[in-house]
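Close look at the chain arrangement
Take a look at the letters that make up each chain.
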Amino acid sequence: MKVLHYIHSISTTKKFLFAFLLVVLLANSARSQYFRYNKMEIGLAAGGMNYLGDLNNQSMLGKLRPAGIALLRYNFDNRWVVQFSGGYGQIAGGEPDYIERRNLSFRSNIIEAMVVVQFNFLPFGKGAGAYNWTPYIFGGIGVFGFNPKAKYLTPSTGEIEWHELQPLGTEGQGSAQYPERVKYSLIERTMPFGLGIKWKAAKAITMGVEYGFRKTWTDYLDDVSTTYVGTEVLSASGNNMAVVLGDRTGEVMPGYTNAPGVQRGDDSLNDWYAFVGITFAIQMDAIISFLGLGPRCESGW
């Protein structure tokens with residue numbers, strides 16, 4: 001309250017002088033910081049995601065689904081770069097299942113956030129001996145969210161509906177008969193790493209092509225990991241969709257159900273997913289210069 005009283009007590013002229021001084025100080029601070037902005041880039045990556053798991057026969061060259069990434073880079077020098085990014089995409093598997101009688105399939109949206117360090121094999125940017133292109137590698141840490149779903153043609157309506165699989169406990173998660181099987185988390189950590197090549201497309205613009213793997217610590221990206229648990233266990237949940245989507249062999253082999261203990265997936269390996277795409281980034285100082293908030297941008301770092 002004393003502060004507010006003091007502000008109201010000073011004259012209009014003093015208020016104006018105070019505001020002017022504050023603007024000058026902030027402008028000088030921004031100008032001094034500006035020259036670091038040529039080390040920063042913001043950009044986007046567009047491409048596709050795929051996954052490696054039980055429903056694609058361990059192939060990283062399976063179904064690609066659209067994906068995009070927003071990124072922020074800081075170039076410490078022409079070799080070392082740190083990048084923060086957030087991405088969104090989709091992975092899918094099965095349909096058809098490579099094990100025909102199993103007849104399982106899924107899709108899942110992926111939301112990820114990560115920080116990685118890049119190393120340029122060639123000195124990249126500006127300066128003596130610098131190149132306008134370079135291959136690079138990267139590695140880091142991250143977190144991602146997923147939610148596997150399966151589609152089902154409802155006989156009574158003839159409509160296709162997508163059902164979330166984690167709440168159904170399709171492998172007995174949360175059941176009294178399998179207390180050791182708990183429902184898996186839909187948020188997990190990841191270790192991204194990969195390689196790429198980038199080049200200067202213009203004075204302040206960098207483009208590239210990148211392939212990045214995401215190691216995960218879950219075997220349930222596709223909701224498939226261990227063994228069948230049988231109709232009795234699934235029906236005990238009170239949700240008929242658990243019975244329908246937990247064992248779909250009967251759809252291709254009418255009247256057949258898998259006995260408890262029959263292998264449904266391979267729990268010896270966790271699932272992975274990957275991103276491949278084209279990257280586009282522009283220096284921050286170029287944006288500031290374009291908006292008229294700073295001097296003409298420099299090229300490189």
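Residues numbered from 1 in each chain as written. Predicted model: local features only at pLDDT ≥ 70, side-chain atom pairs only at ≥ 80, totals over all residues. Heavy atoms only, no water.

1. Points about the environment of Pro148
What counts, and what does not: Secondary structure counts use DSSP, requiring at least four H or I residues in a row for a helix and at least two E residues in a row for a strand, with both numbered from the N terminus.
Take Pro148: it is sitting in the loop between strand S5 (133–146) and strand S6 (149–153). The spatial distance from the C-alpha of Pro148 to the C-alpha of Asp223 is 6.4 Å, given a sequence separation of 75 residues.

2. Points about the pattern of salt bridges
Between side chains of opposite charge, a pair can form as their charged atoms come close. Using the following cut-off: Salt bridges are counted wherever a side-chain nitrogen of Lys or Arg sits within 4 Å of a carboxyl oxygen of Asp or Glu.
A full pass over the atoms with the stated rule returns six salt bridges. With a closest N to O distance of 2.7 Å, Asp97 and Arg102 form a salt bridge.

3. Remarks on unusual backbone geometry
For residues other than glycine, phi is negative in most cases, and the peptide bonds are mostly trans. So the rule is basically this: The rule is simple: take the accessible area with a 1.4 Å probe, protein chains only, and divide by the maximum for that residue type; under 20% is buried, over 50% is exposed, in between is partly exposed.
Across the junction of Glu95 and Pro96, the peptide omega takes the value 5°, indicating a cis bond. Relative to the helices and strands, Pro96 resides in the loop between strand S3 (80–94) and strand S4 (105–120). The phi torsion at Glu95 lies on the positive side, around 50°, for a residue other than glycine. Topologically, Glu95 is positioned in the loop between S3 and S4. Residue Asn103 is not a glycine yet carries a positive backbone phi of 60°. Overall, the relative accessible area of 21% leaves Asn103 in the partly exposed class.

4. Focus on the packing of aromatic side chains
Just so we agree on the cut-off: Note on ring pairs: Phe, Tyr and Trp rings are taken, using the six-membered ring of Trp, and paired if centres are within 6.5 Å. Classes follow the plane angle, with under 30 degrees stacked, over 60 edge-to-face and the rest tilted. Ring-over charges, as used throughout, are those where CZ of Arg or NZ of Lys falls within 6 Å of the ring centre and within 35 degrees of the ring normal.
This structure, assessed with the given rule, holds twelve aromatic pairs. Look at Phe193 and Trp272: their rings are 5.9 Å apart centre to centre, the planes differ by 85°, and that puts the pair in the edge-to-face class. Of this pair, Phe193 sits in strand S8 (residues 187–202) while Trp272 sits in strand S10 (residues 272–283), and the two are 79 residues apart along the sequence. Of the residues examined, Trp272 reaches a relative accessible area of 24% and is grouped as partly exposed. An aromatic cluster is present here, built from Phe144, Phe146, Tyr184, Tyr220 and Tyr273 joined pairwise through their rings. Residue placement shows Arg189 over the ring face of Trp217; its charged tip is 4.3 Å from the ring centre. In this structure, Lys215 packs its charged tip against the face of Trp217, placed 5.0 Å from the ring centre.

5. Focus: the side chain of Arg73
Basically, it comes down to this: Between N or O atoms, a polar contact is any pair within 3.5 Å; within protein, one atom must be a potential hydrogen donor and the other a potential acceptor, and residues adjacent in sequence are included only when both atoms are from side chains. Contact definition: two residues touch when any of their heavy atoms are within 4.5 Å.
Tracing the backbone shows Arg73 in strand S2 (residues 65–75). Look at Arg73 and you get buried, because its relative accessible area is 2%. Engagement of the side chain of Arg73 in a polar contact is seen with the side chain of Gln83, the distance being 2.8 Å. Contacts of Arg73, omitting those with residues within four sequence positions, involve Lys39, Met40, Glu41, Val81, Val82, Gln83, Gln118, Thr206, Thr279 and Ala281.

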